[in-house]
Amino acid sequence: MTPALLCNNGVVVNLPSSIGGGVANYNYMLNIDMIYKQAVVLPSSINNKEVVMLGEVWTTGNMSNKTSQNNIAITWNNFGSSVDLHGLSTHYTANAKIKVEKKINFGNINNLQIMLSSWQSGSSAAGTGWNLSDGDRINPRAKLTLYWN
């Protein structure tokens, strides 16, 4: 999936208080819809930039575990780098929207590809790692807008 760059000549954003508040001007804005385990190709101008990420994540499946937990994250560089969109949880309700308000720096993104992923904490009955069976079960989705200069 290759998202379309919506703006490359300036946009004013009212930042939420969770990432500092106030008004900020950005040169670029990009809307992306993400599906679990599918790569999204970003424009090269995002490499090594501070990025404001606003939007929401959700799961299409339910999960209620006693011990094993899953997060929802964006990963890049073959899982070498990641940012949590929702921390570890034993419970997910299908289609319940989770707000995302982040300020991150992707650093250098190999092949300019990012992916919506899930980390599984593991238990006696579940493995530990990225994109395992519980991640398939919760099947995350994301609708995000990225802003950067």
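Residues numbered from 1 in each chain as written. Predicted model: local features only at pLDDT ≥ 70, side-chain atom pairs only at ≥ 80, totals over all residues. Heavy atoms only, no water.

Examining the environment of Asp134
Logical step 1: Here Asp134 shows up in helix α1 (residues 133-138).
Logical step 2: Judged by its relative accessible area of 9%, Asp134 falls in the buried class.
Logical step 3: C-alpha separation for the pair Asp134 and Leu146, spaced 12 residues apart in sequence, amounts to 28 Å.
Logical step 4: Apart from the residues within four sequence positions on either side, Asp134 is in contact with Met63, Asn65, Ser68, Asn70 and Gln120. (Helix = DSSP H or I, 4+ residues; strand = E, 2+ residues; numbered from the N terminus. Buried < 20%, exposed > 50% of the residue type's maximum accessible area, 1.4 Å probe, protein only. Contact = heavy atoms within 4.5 Å.)

A few points about the packing of aromatic side chains
Logical step 1: Inspection of the entire model under this criterion finds 5 aromatic pairs.
Logical step 2: Measuring from ring centre to ring centre gives 5.9 Å for Tyr26 and Tyr147, while their planes differ by 40°; the resulting arrangement is tilted. Of this pair, Tyr26 sits in strand β3 (residues 23-26) while Tyr147 sits in strand β15 (residues 140-148), and the two are 121 residues apart along the sequence. Grouping residues by exposure puts Tyr26 and Tyr147 together as buried. (Phe/Tyr/Trp six-rings, centres within 6.5 Å; stacked < 30°, edge-to-face > 60°.)

Concerning the side chain of Asn70
Logical step 1: The residue Asn70 is located in strand β8 (residues 70-76) in this model.
Logical step 2: According to the relative accessible area criterion, Asn70 is buried, its value standing at 0%.
Logical step 3: Side-chain polar atoms of Asn70 contact the side chain of Ser118, separated by 2.9 Å.
Logical step 4: Beyond its immediate sequence surroundings of up to four residues, Asn70 is in contact with Met63, Gly87, Leu88, Ser89, Tyr92, Ser118, Trp119, Gln120, Asp134, Gly135 and Ile138. (Polar contact = N/O pair within 3.5 Å; in protein donor to acceptor, adjacent residues only side chain to side chain.)

Topic: the nonpolar core
Logical step 1: Among the nonpolar cores identified, the biggest contains 28 residues, and Ile74, Phe106 and Ile114 are the most heavily contacted of them.
Logical step 2: For this core, the secondary-structure elements that each account for two or more residues are β4 (28-35), β6 (50-59), β8, β9 (81-89), β11 (98-105), β12 (113-117) and β15.
Logical step 3: Counting residues per element, this core draws most heavily on β15, which supplies 4 residues.
Logical step 4: Setting aside anything within four residues of it in sequence, one finds Ile74 in contact with Met34, Met53, Ser81, Ser82, Val83, Leu85, Phe106, Ile114, Met115 and Leu144.
Logical step 5: Among the nonpolar cores identified, the runner-up in size contains 10 residues, and Ala24, Tyr26, Leu54 and Tyr147 belong to it. (Core = buried A, V, L, I, M, F, W, Y, C linked by side-chain atoms within 4.5 Å.)

Remarks on the side chain of Asn131
Logical step 1: Take Asn131: it is sitting in the loop between β14 (129-130) and α1.
Logical step 2: Side chain to side chain, Asn131 and Tyr36 meet in a polar contact 3.3 Å long.
Logical step 3: Not counting the four nearest positions on each side in its chain, Asn131 is found in contact with Tyr36, Lys37, Phe79, Met115, Ser117 and Ser118.

Quick notes on the environment of Leu112
Logical step 1: Turning to its location among the elements, Leu112 is positioned in the loop between β11 and β12.
Logical step 2: On a C-alpha basis, the gap between Leu112 and Trp76 in space is 8.3 Å, while along the polypeptide they are 36 residues apart.
Logical step 3: Once residues lying within four places of it in the same chain are set aside, the contact partners of Leu112 are Val40, Val41, Leu42, Pro43, Ser44 and Asn47.

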